[in-house]
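Chain residues, written in single-letter form:
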Amino acid sequence: MRSSKAFRRVVTAIFVMGFLFGVFSARAFSWNAPDEANVNSRYTVESVEITGANAARLSKDLREELQSYVGQRFSPEAFGKLSERVRRELKARLVSHKLKKGSSPDNVRVVLDVMGHHVVLDTQQSRLAWYSGQGWTGELIAGLHNGRKQHLSLGLFSDADTFTERSAGVKAAYRFSTLRDRIRPGFAFSTSHAQYDARTLQAAKPNDLYRSVDSFQPTVTLIPWQGDDREELAVEIGMRLQRFVLESPGPNRNVASHALVNSLRYRRVRGDVAGGLTTLRASYGLTNGTGALSSDYKFNRHEARADVEYRRAASRINADFVAGSLNGRAPLRDRFTGGTTTILRGWNKMELAPLGADKLTATSIEYGHSLKGKFEAAAFYDAGSVWMRGGTATLRNSVGGGFRTRDGFFMYVAFPLRDGRVEPIFMTGTTF
Amino acid sequence: MRQSRRTLLMALSTAPHLRAGAIGVRRDDGVLRVLPPSDFHFLEGQTLRKLQDGAGLVFTMQLSISNDQFRTIARRQVERFVVSFDLWEEKFAAVRLGLVKHQQSHLTRDAAERFLFDHTGIALYGLAAGEPHWIRAELRADEPRDSAGFLLDPSVTLSRLVEWFGRSQRGEALRWSIDRGPFRLHEVER
């Protein structure tokens, strides 16, 4: 037994040492030629140009960085790294830098040649989260995209965070873009089963709960305006064809919740991290359950969101606001929830509204300060209310804090502020 | 086993840029160097176009000497070089990397190719002068790649790992190989 443990330790040590050796030898034995070994490194960069793609599609930061090399000595290593960044931002198959003679001797023009679209498999929409009292949420979504042209995703999910109920199933989506990315038709499909908390089961009426739901949503996104730094205004129009199988034991358990879905989205980015980077996102969505589509539910659901993020040096401030209103009779899934990992953090959604709510107003302010590496210490204050039409809105507050990283990991403790009781809620999660 | 060996030999024989030709050898102050055949050129085609686009290409040259037709290697020497093409002067420059750097500029194409052979040699000390020997020169051109940068990047995510493993290997090497033998060391001219 003891020898087996020792053996495992030796194997682990060999593995760790091998990995470290690999990393260090990769650094020491780089295939890249040192700058001074290339005879052209004595020439001055006269201009940096991009061919094969629209340079306006690059982020402002990267465009400014490319231009910052004008007037400096040519560095093959720096342009090798910049080419890789351009390739990643444009999702191109290959970007290579080429030198051309400049307008006078001792000057060269650097041309970044963008070639083809790179078919990339990613998992960027995948996430894993845990919220004490409400359990795990996991989504594993594989996306296949060909630059900005086409995007296909397929995945499995078990989500206890977004809706009142836990929803588990599969989903798929496809979209493509045309007319220089100004029109993006696509569709999304999902099929899932629901699982309810005891408090939801207790509060529900016979036809409130469903067993399973299939949803098909074809949409077209139009981009009437695009700014110079991936800023854009987007209008999405489409319909949602949704069919539920109810939990009730009656003979006709299939109901439809077909609706028109429309949204307006705006995004604006200004400045840079050194001098102050402001990112503004705003959206308004209208879901209209209408008899014209033979829907059994007739309702109008309005939802408005806005969030501003300001970054400067090591500091970050986020301010989020969301408001929603529901008129008519809507399925459980279209109702609003609070007490999730994004809205009214720290509260339990079963305590706030076990059947969801018709009205929502919530805001959040979060401050983060970068620590060593990519870690950030953060503190937040959330306030808001979810309530039913005709009922009374009760203001809920919570505070909390923890750690997060730039690539999506977070670990927070939140305290709902109520009279006389301190009940911490722990939440953690990551995106992939 | 025999079949897999045959398959390997067939794969090698069809490998691109694998050339066989007679090479000369010379002694230079206790070191054996090789002279490439006059019709052997590696700065041509795709490699030349990359150099003319301003790239600095890394070449790895390996000399191996054997006394049993390469069943075993008696001694080998590996050197790394960077070759680049001066855009304005339209001449080549070559640098031997390592602790003691050697570099030369304003070279013609032939002189740049010869630089690599002139700066790679196998020490003769300890090799039997009267025995038959075989010598092989192997040359490989590597495109710049970002492997070290990728491993050392602190923001490596699952998505980037998937992308990295999924993408085609762009830094594909171009290889050349030439050899000579048998010859005796005491017959080799200075």
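Quick summary incoming for the structure in this document.

Procedures and definitions
- Residues numbered from 1 in each chain as written.
- Chains lettered and ligands numbered in written order.
- Predicted model: local features only at pLDDT ≥ 70, side-chain atom pairs only at ≥ 80, totals over all residues.
- Heavy atoms only, no water.
- Helix = DSSP H or I, 4+ residues; strand = E, 2+ residues; numbered from the N terminus.
- Buried < 20%, exposed > 50% of the residue type's maximum accessible area, 1.4 Å probe, protein only.
- Pairing = 2+ DSSP bridges.
- Axes fitted to C-alpha atoms, helices over the stretch in contact; angles between N-to-C directions.
- Contact = heavy atoms within 4.5 Å.
- Core = buried A, V, L, I, M, F, W, Y, C linked by side-chain atoms within 4.5 Å.

Looking at the overall build of chain B
The helix and strand tally for chain B stands at 5 helices and 9 strands. Its helices and strands taken in sequence order, chain B reads α-β-β-α-β-β-β-β-α-β-β-α-α-β from the N to the C terminus. When the 190 residues of chain B are sorted by exposure, 41% land in the buried category.

Overview of the sheet that holds strand β2 (residues 31-35) of chain B
Residues and elements named next belong to chain B. Strand order in the open sheet formed by 3 strands is β1-β2-β7, and the pairing between neighbours is antiparallel. At either margin of the open sheet sits one strand with a lone partner, and together these are β1 (24-27) and β7 (122-123). Here 4 bridges tie β1 to β2, and the two strands are oriented antiparallel to one another. If you follow Gly24 over to β2, its bridge partner there is Leu35.

Structural notes on unusual backbone geometry
Residues and elements named next belong to chain A. Here the phi dihedral of Asp106 falls at roughly 80°; this positive angle occurs in a residue that is not glycine. With respect to the helices, strands and loops of the structure, Asp106 is situated in the loop between β2 (92-101) and β3 (107-117). On the accessibility criterion, Asp106 (46% relative accessible area) is partly exposed.

Some remarks on the sheet that holds strand β4 (residues 75-85) of chain B
All names here are of chain B. With antiparallel pairing, 6 strands are arranged side by side in an open sheet as β6-β5-β4-β3-β8-β9. At either end of the open sheet lies a strand with only one pairing partner, and these are β6 (102-107) and β9 (174-184). Across this sheet, the average inter-strand angle for adjacent strands is 20°, counted without regard to direction. As defined by bridge partners, strand β8 (residues 132-142) adjoins β9 across 9 bridges and the pair is classed as antiparallel. Within β9, the position partnered with Ala137 by the bridge is Ile178. On the sheet, helix α3 (residues 109-118) packs against β3 (57-66), β4, β5 (92-96), β6, β8 and β9 and is oriented at approximately 165° with respect to β6.

Remarks on the environment of A:Gly271
Residues and elements named next belong to chain A. As for its position among the elements, Gly271 is in strand β13 (residues 259-272). Given the relative accessible area of 31%, Gly271 is considered partly exposed. As a C-alpha pair, Gly271 and Asp61 span 210 residues in sequence and 8.8 Å in three-dimensional space. Residues contacting Gly271, with those up to four places away along its chain left out, are Asp61, Gly276 and Leu277.

Quick look at the nonpolar core
Among the nonpolar cores identified, the biggest contains 38 residues, and B:Leu32, B:Phe42, B:Phe59, B:Phe92 and B:Leu116 are the most heavily contacted of them. Listed by contribution, the elements that provide at least two residues to this core are β2, α2 (45-52), β3, β4, β5, α3, β8 and β9 of chain B. Within the second largest apolar cluster, 26 residues are counted, among which are A:Ala204, A:Tyr297, A:Phe299 and A:Ala353.

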